[in-house]
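If you want the building blocks of each chain, they are given just below.
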Amino acid sequence: MPELQLKQLYDGFRDPRTISELSRQIQALANELPEPVYMMEVCGGHTHTIMKFGLPQLLPDNIHFIHGPGCPVCIMPKERIDQATALAAIDDVILVTLGDMIRVPGSQGSLAQFRAKGCDIRPVYQPLDAIKIAQENPTKTVVFFAIGFETSTPMTAVLLEQAERLGLNNLLFHINHVLVPPAIDAVMADPDTKVNAFIGPSHVSVITGSRIYQPTVDKYQTPVVIAGFEPVDVMQSILAIVKQKVAGRAELENQYQRAVTEQGNVVAQQKVDKFFEVRDSFRWRGLGPIAHSSLQLRAEYAHRDAEKHFADRLPVKEIDDHKACQCGDILRGKANPKDCNVFGRGCTPQTPLGSCMVSSEGACNAYYRYAGVE
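Model, not experiment: these values are computed from the prediction. (Residues numbered from 1 in each chain as written. Predicted model: local features only at pLDDT ≥ 70, side-chain atom pairs only at ≥ 80, totals over all residues. Heavy atoms only, no water.)

## Regarding the sheet that holds strand β7 (residues 197-200)
Strand pairing in a sheet relies on backbone hydrogen bonds, with the paired strands running either antiparallel or parallel. Applied cut-off: Pairs of strands are assigned from DSSP output, requiring at least two bridges between the strands. Helix numbering and strand numbering both begin at the N terminus, where a helix is a DSSP run of H or I of at least 4 residues and a strand a DSSP run of E of at least 2. Axis definition: a line fitted to C-alpha atoms, limited for helices to the stretch in contact. Angles are taken between N-to-C directions and run from 0 to 180 degrees. Residues are treated as being in contact if the distance between any of their heavy atoms lies within 4.5 Å.
Pairing in this open sheet of 5 strands is parallel, and the strands run β2-β1-β7-β8-β9 from one edge to the other. Strands with a single pairing partner mark the edges of an open sheet, and in this sheet they are β2 (63-67) and β9 (252-254). Put simply, the sheet's adjacent strands are angled 20° from each other on average, direction ignored. Relative to β2, strand β1 (residues 37-41) runs parallel, the two sharing 5 bridges. Of the residues in β2, the one forming a bridge with Met-40 is Ile-66. In the packing of helix α11 (residues 231-247) onto the sheet, contacts are made with β1, β2, β7, β8 (224-226) and β9, and the angle to β7 comes to roughly 150°.

## Things to note about the nonpolar core
Test applied: Working definition of a nonpolar core: buried Ala, Val, Leu, Ile, Met, Phe, Trp, Tyr and Cys residues. They are joined through side-chain atoms within 4.5 Å. Exposed residues in this analysis have more than 50% of their type's maximum accessible area, buried residues have under 20%, and partly exposed residues fall in between, with area computed by a 1.4 Å probe over protein chains only.
Membership of the largest hydrophobic core comes to 93 residues, with the highest contact counts inside it found for Met-39, Ile-63, Leu-95, Ile-238, Trp-284 and Phe-310. It is α11 that provides the largest number of residues to this core, a total of 8 residues. Excluding residues within four positions of it along the chain, Phe-310 makes contact with Leu-87, Ile-90, Val-93, Thr-141, Val-143 and Leu-172. Core analysis: the next-biggest nonpolar cluster, separate from the first, contains 25 residues, Phe-144, Ala-163, Phe-173 and Ile-175 among them.

## A closer look at the environment of Cys-325
By the element assignment, Cys-325 lies in the loop between α13 (306-309) and α14 (327-331). Since its relative accessible area comes to 13%, Cys-325 is described here as buried. Placed 17 residues apart in sequence, Cys-325 and Val-342 show a C-alpha to C-alpha distance of 6.9 Å. Leave out the neighbours within four places in its chain, and Cys-325 touches Cys-340 and Gly-354.

## Observations concerning the sheet that holds strand β5 (residues 141-148)
Across the sheet, which stays open at both edges, the 4 strands sit in the order β4-β3-β5-β6 with parallel pairing between neighbours. Two strands in the sheet have a free side with no partner beyond their single neighbour: β4 (121-124) and β6 (171-177). Within this sheet the neighbouring strands show an average axis-to-axis angle of 20°, counted without direction. By the bridge criterion, 5 bridges tie strand β3 (residues 93-98) to β5 in an arrangement that is parallel. Within the sheet, the bridge partner assigned to Thr-97 lies in β5 and is Phe-145. The strands touched by helix α7 (residues 153-166) are β5 and β6; relative to β6, the strand with the most contacts, the crossing angle is about 165°.

Worth remembering: the numbers are spatial, not functional.
Structure below.
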């Protein structure tokens, strides 16, 4: 029996003829739209699919993409990054975080720059690597700088569970996990927003289930269609949105049924609920403070909370972006990366001014990589 190749699994979702036919159907139906469609894809992974496969060029002029705040690295405000660099600068502290985070600039520099100065900062690809680092360095304090939406929160919960089971008292956590629905509310609460439809995120929805978006549909009478990451997935979701708009409907649809259910991953949800609770407020880059939009450790795990353990060493002053950087406007859906005067000039993936250019999920990174610099 021949070995199954990865290419065989995604080929059908990238088939040019299928994409072309979906484009034709969207073009034909778009003539019946009562108003232009401004779709926000919440997930940065969708942004990269959209740009990589040239999907904007396949749509009529009355259908528009608006890029949302769905990149966990991009929405991290400078003061949180400054807390990470402050932790890394403490003697006998090893700071552990996920890869993209080390290049995001704070007001005092990036973690990569602090690493070059001699701080012990270790990027990892899976949170559980922090267990081995803590075991190998029993005289040091290892701080896991946790980031991500609902997708990666269960991994942090498992890491914390293992630390408790093993009695690793030298492993602490700085929690920066954020939530999608409050960010959608913040976008829709802006009186100037044009957004009137959402392409729902893929991986987040695998964990949470599709039901978390029903309040958005009900409150704003806005279609939400959860989409997979491949171009056929996205085009099918756009067609579903257009059909809803033409029919005057606003409903929750799940295009990504091969991975997303209504209930989601209940075991992962229970694990998260065991260790985390909702924080009163969290400041998002570009969106500002959003109530109940992030998580923190429950009181019974305060002994692992780096924010409490090092409270007297962490800066708390709110710091805005570089004045030349429009990352905040891009995250709010009010600007396109190419609207920024420093895009591709003073700000590139090698020399980023803002977080949207750093992350592999950032909108500016996607435009630079796939649309080029004029």
